[in-house]
Every structure is written in C-alpha cells, then in structure tokens.
Amino acid sequence: MDTTVTAEVDFDVIVAGAGIAGSVTAYRLALHGHSVLLVERGPSPGSKNLSGGVFYCRVMEEAMPGFLLSAPIERRITRNCLSFLSESSFVNLDYADDRLAQSVTAVSVLRAKLDEWLAAQCEEAGVVLMPGVRVDALVTEDGRVTGIRAGGDELRAHVVVAADGVNSLLCRQAGVRGPEPLKHLAVGVKSVIGLPRRVIEERFNLTGDSGAAYAIVGDCTKDLGGGGFLYTNRESLSVGVVLRLDDLARSGESSAELHDRFLTHPVMEAFLRDGELLEYGCHLVAEGGLAMAHDLTRPGLVVVGDAAGLTLNTGFTVRGMDLAAGSALAAAGVVDAALKRGDYSQEALDAYPRELDKIFVGKDMRTFRRAPLFLENPRMYGDYGRLLSDIMYGVYNLDTTPRRHLAAGAGDALKNSPLALLPTIRDALAGVRAL
Amino acid sequence: MSKNPWGTVAERLDRNRYETDTEQPHILVDQEEAARAGAGPLLARICPAGVYSEQTDGGVGVLYAACLECGTCLAAAPPGVLSWSYPRGGMGVIFREG
Ligand SMILES: Cc1cc2nc3c(=O)[nH]c(=O)nc-3n(C[C@H](O)[C@H](O)[C@H](O)COP(=O)(O)OP(=O)(O)OC[C@H]3O[C@@H](n4cnc5c(N)ncnc54)[C@H](O)[C@@H]3O)c2cc1C
Ligand code: SF4
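Student: Which parts of the structure should I look at to understand the overall build of chain A?
Tutor: In terms of helices and strands, chain A carries 18 helices and 19 strands. On C-alpha atoms alone, chain A measures out to a radius of gyration of 23 Å, which is about the 22 Å that the 2.2 N^0.38 rule sets for 435 residues. Taken along the three principal axes of its C-alpha coordinates, chain A extends 85 × 45 × 40 Å. Considering only contacts within chain A whose residues lie at least 6 apart along the sequence, 73% involve residues at least 24 apart.

This is the structure:
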C-alpha cells in the first residue's frame, strides 16, 4: 500500500474539538512548526465544556511551560476530603497538607475560562482557530482519513485528530468507535454557586488561594453508582453528582432530582447557604477505564482525550483532564514524527498507543483497570456509608452506657447492617487491589 | 421532591445563555418508536435539563432549546427513538463557568 500521501492538503493537521486534549495537541504541533487548524463547535472554546473541576495539572508544566503562573486557575487544592454521607451523618477522611501547596499537583478550574485561555495560547503559537464551526464528519478515502467536512466544505490534512469529547460523534459516524455500554458512562449534573471569597475561606478553613475538594459517596446518589463532589473556586463552589447511566436508567430516579436532593442535604446546605446560582449544567463522564480506551488510531487519524475513553474514576478522584493533556502530548509527538517522515499509515500512528503505555496515562489506566468493576458494586453507595456512620455514632454517642473497643463496636454495627462479614472483607480486599 | 432554593430546573436554565437554532432542531423523536419502546418516562427522568416530557396524548414533548448537550438521552434511549446531533456550529448552550 502507498503510505506516503502527496495530495494537496489545506493544513498538515486538523484538530476537531478545542477542549484540553485538542488544544494541547494543536499547541504542541504548532510549536513543532506544522500548520494546524483547530475547529471548535462552540462560539468560543470552553463554552460547551464542563468538568467537576480538579485538574491534576503537573503534566501541563511539560505541555505548556509556565501554565501555573499564567493560566486562569481558581485555587490550589491543599485539602482533600473523602466523605461518606448518610441521611443524618457526614463521615470525613480529611487530608490537608502544606506540601500540596508547595508542589501544586491539583488546581480547581472552570472550563469556560480555562479552555478559552488554552485556545488563545494555541493562536499565539500559530494555530488557526476556527470557533463556532461544527465538524460534521470525517472524510475518508480508501479507508484512510483525509480530512473533515464542515458546513458543506471539505478541508484536507495529512492527519486528523479527533478531540471531540466523550460522545465522539465523529468517531462513531466513521465507524471507528461504536456506542459504549451504559455502564461505561455517567452523567454529571452540576451547579456553580457564587459566594464571596471570605465566606468560602471561612466555611472551608482556607487561606489565600488554597482550596478544598470533597469527593462524597453514599446518600448523595440514593445508592446509585456514582457520587457527589464539592470543589472550591475563587469565588464560587462547584457542586454536583455523577450518576452511572446503567443504574440511572434502571432505577426510576430522576437525574435532576438527585442533584437537587444532594444540594439540599443539610450537610451541603451548610456549605452552600446564601449562595447565588451562577450556572446549572451537565456533561457525560467516561467511566469505563481501560476497557473504554480502544481504537485510538486509523490511517490518518488519532483519537485523544475523552473521545478515546481516557478517564479514570477511582472513587477518590475523577481524572480526565490530566489524561487528556497527557494523551495530547503523546499524540503530538507521534504525529510530529509521522509528518516529518510523510508516513500517516496505521503502523506509523500506532506508535501513539504504545507511547501512551509508556507514560502515566497508560500506566495509570492499567493500574486502576479493576476500579470500574469494583465501583459497580452497589454496596459501595449505600450500606458501607451507613455502616461507617453507625460505627462513628458508637464512638461519639457517649450516652453513659459503657463503651467498647472500636473493633467490638464495629462488629455490632456490622451485625445490625444488612452487610455480611465475608462479602465485606471481600469488598475491602478488592478495593485495596483496585484502588 | 427536595426544594432547590435556586428554583425549578426551568428557572435555573433561564439564567444560562443559549443561542437557539430556530431553523434546525438538533433533537427529533420518532413518536411511534418512542411509544412502542415506552421511552417517554425514561427520557423525562434521565435528562437533567427537563427537555423531554410525557404529553397527555401519550407522545413525548421535546423542548430542544433547553438542551445542555450532554448526550445522556442519546446513550440511554432505545435504538431508533432519537435522532440527535450537536446543534449547528455556534448554536446551543453557552457555558460561562463550566
Ligand atoms: C461532572 C464531571 C466531573 C468531572 N470531574 C473531573 C475532575 O475533577 N478532574 C478531571 O481531571 N476530570 C474531570 N472530569 C473529566 C474531564 O472533564 C474530561 O475528561 C475532560 O474534559 C476531557 O477533555 P477533552 O478535551 O478530551 O474533551 P472535552 O473537554 O469534552 O472537549 C471536547 C471539545 O470538542 C468540541 N466538539 C465536539 N464535537 C465537535 C464537533 N463535531 N466539531 C467541533 N467541535 C466539537 C466540544 O465542543 C469540546 O470543546 C469530569 C467530567 C464531568 C462531566
Ligand atoms: S443531551 Fe442531555 S440535556 Fe440534552 S436532551 Fe439529552 S439528556 Fe437532556
């Protein structure tokens, strides 16, 4: 097969979608001196994008040196809480560490602002940005992706990068990736609640630009797979629920009502009180883990970020933005090499998944490959939270009955819960292995 | 239902910004398929924006202008019920926070 393409192209590379994955890919390729078109369907980059908001941003120092100094970040996350919510209780594993302020591995972000800034960096590096344009389809010739179709026009490139997010209609229409099973997807329903800076700092025990992130499981989803989140921004809170679609579809619950139920839980109400609603939104989350990260290349095509299924939900953290940036770095390196050699074949571009396996993206996807299955366990979302709250109740409810050791109290709580000891131990072991 | 201090979904969406495509709706429901599959209640329940409603005549109402473009309905609807695409370039919801 002829693998070198000599046909006229409009750009060396066309990137579809200006989220984190698309912008980082475009930026890196422009730095390498290639002509790059970045097409975004939103009127401005970021206007379609939504995440919970904690960006594990260390990778950006490599992708865009100086990121921390100039990007519109909200707060540096120095307090991480893993919380179990029940109807009446809130049990927290609260981890605050000054070292996190020094090393800055996580920041809170709001995507409308961040993505607009990323795309501006791209333009400065020479990328041609085309906002307000929806890519309607990938153009293929003889099984090779040769360009895009948008608004009746066709544009050609040596390589097309699909960075069009979790639904990736482009890959779906082109038959590159099929629809994912429902259990690989979750819907995030989110509100951004405005509050004065001082109030946020008082309620979350913060100073300066430090920030807090709560990952919450239990009563927030009425036992559905998923959880709640509460993140601090400079002058607002990002708060919402993530609901696994297989459970949601089966359950009879309403996504909007579960969101409202979480926000009006007395514990949440105390954080959000007197705030002003700035925005209500929703977005899908890729939850399939390694099982969803397949079909990343075709001749003339690479798939990056959420479009490639690269998100990790470990229960403690939802990570997609860092994997989007990491996959973009890897893809840009491989596409750069392909452009230099003039070889855009499947074999040439298959260096990209191999590259992913060498860096944190592939390694972490592999390490946490058991997490999705573990998090499918319904006991994670109901009974364990209640068990934990009963144990803590036993410790602190000093009602003048004689106290017993923690282990005995825990044994009682377990006896009174619908949980059986063996499956509980099995779950604990599975959790240790999966997470 | 828990009372959200920030109002109903519709009231909350009123604060969002939209550029509605009045010429081409981006969601179409095949009413016959929807009725056959009993998809109305599912769609009404799972959509966070309240786009879908069960009509008294048994049909499914579609307020596509309120759509937040998440793709939940597309993923969960029985095959053949929805034809769903992103709105045309520049149209649809415009998040200011994200
Ligand atoms: C509720 C929620 C909470 C989350 N929390 C976190 C978190 O705390 N930390 C974290 O790291 N990750 C989190 N994630 C995941 C994270 O948001 C994603 O992994 C990340 O946004 C993926 O980036 P991306 O660039 O691949 O895709 P996206 O950000 O979705 O970008 C895709 C882009 O392509 C554009 N596009 C799509 N189709 C077309 C088309 N046909 N033509 C032109 N443009 C198109 C879109 O408008 C968009 O700009 C969360 C996600 C959700 C939904
Ligand atoms: S895409 Fe999301 S917001 Fe739009 S109609 Fe479907 S479920 Fe509702």
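Student: Would you mind showing me how to read the packing of aromatic side chains here?
Tutor: Pairs of aromatic rings are described using the distance from one ring centre to the other and the angle between the two planes. On inspection of all chains with the given rule, the structure shows nine aromatic pairs over all chains. Their ring planes at 80 degrees and their centres at 5.8 Å tell us that phenylalanine 55 of chain A and phenylalanine 67 of chain A sit as a pair that is edge-to-face. In this pair, phenylalanine 55 of chain A is assigned in strand S3 (residues 54–56) and phenylalanine 67 of chain A in helix H3 (residues 67–70), connecting sequence segments twelve residues apart. On the basis of relative accessibility, which here comes to 0%, the residue phenylalanine 55 of chain A falls in the buried class. Put simply, the rings of Phe90, Phe204, Tyr214 and Phe271 of chain A touch in pairs and so form one group of aromatic residues. Between arginine 41 of chain A and the ring centre of tyrosine 86 of chain B, over which it is positioned, the NZ or CZ distance is 3.6 Å.

Student: What's the story with the interface of chain B and chain A in this structure? I'm lost.
Tutor: By a widespread convention, an interface's size corresponds to the accessible area lost as its parts come together. Taken together, the contact between chain B and chain A spans 39 residues of the former and 52 residues of the latter. Between chain B and chain A the total buried area reaches about 3800 Å² when both faces are included, carbon and sulfur atoms providing 57% of it. If you sort the residues of chain B by the area they bury against chain A, Trp6, Arg45 and Glu97 of chain B come out on top, with a joint share of 21%. At the junction of chain B and chain A, the tally comes to four salt bridges. A salt bridge links lysine 48 of chain A to glutamate 69 of chain B, with the shortest nitrogen-to-oxygen separation between them at 3.0 Å.

Student: So what exactly am I meant to see when it comes to the domain arrangement of chain A here?
Tutor: Its domain assignment divides chain A into domain 1 (11–74 + 109–179 + 289–368), domain 2 (183–286) and domain 3 (382–434). Using C-alpha coordinates to define each centre, domain 1 of chain A is positioned 45 Å away from domain 3 of chain A.

Student: Can you help me understand the packing of helix H11 (residues 321–341) of chain A against helix H14 (residues 360–367) of chain A in this one?
Tutor: When two helices pack together, their arrangement is given by the angle between the helix axes and the distance between those axes. Residue and element names in this part refer to chain A. At their nearest, the axes of H11 and H14 sit 9 Å apart, and the two run at 135 degrees to each other. In terms of orientation, H11 lies oblique with respect to H14. Between H11 and H14, the contacting residues are Asp322, Leu323, Gly326 and Ser327 on the first element and Phe360, Val361 and Met365 on the second. Among the residues forming the contact of H11 with H14, the class breakdown is four nonpolar, two polar and one charged.

Rules used throughout
Residues numbered from 1 in each chain as written. Chains lettered and ligands numbered in written order. Predicted model: local features only at pLDDT ≥ 70, side-chain atom pairs only at ≥ 80, totals over all residues. Heavy atoms only, no water. Helix = DSSP H or I, 4+ residues; strand = E, 2+ residues; numbered from the N terminus. Rg over C-alpha atoms; globule rule 2.2 N^0.38 Å. Contact = heavy atoms within 4.5 Å. Phe/Tyr/Trp six-rings, centres within 6.5 Å; stacked < 30°, edge-to-face > 60°. Buried < 20%, exposed > 50% of the residue type's maximum accessible area, 1.4 Å probe, protein only. Lys NZ or Arg CZ within 6 Å of the ring centre and 35° of its normal. Buried area = accessible area lost by both parts, 1.4 Å probe. Salt bridge = Lys/Arg side-chain N within 4 Å of Asp/Glu carboxyl O. Domains from an automatic or database assignment. Axes fitted to C-alpha atoms, helices over the stretch in contact; angles between N-to-C directions. Parallel < 35°, antiparallel > 145°, perpendicular 65-115°, else oblique. Nonpolar A, V, L, I, M, F, W, Y, C, P; charged D, E, K, R; others polar.

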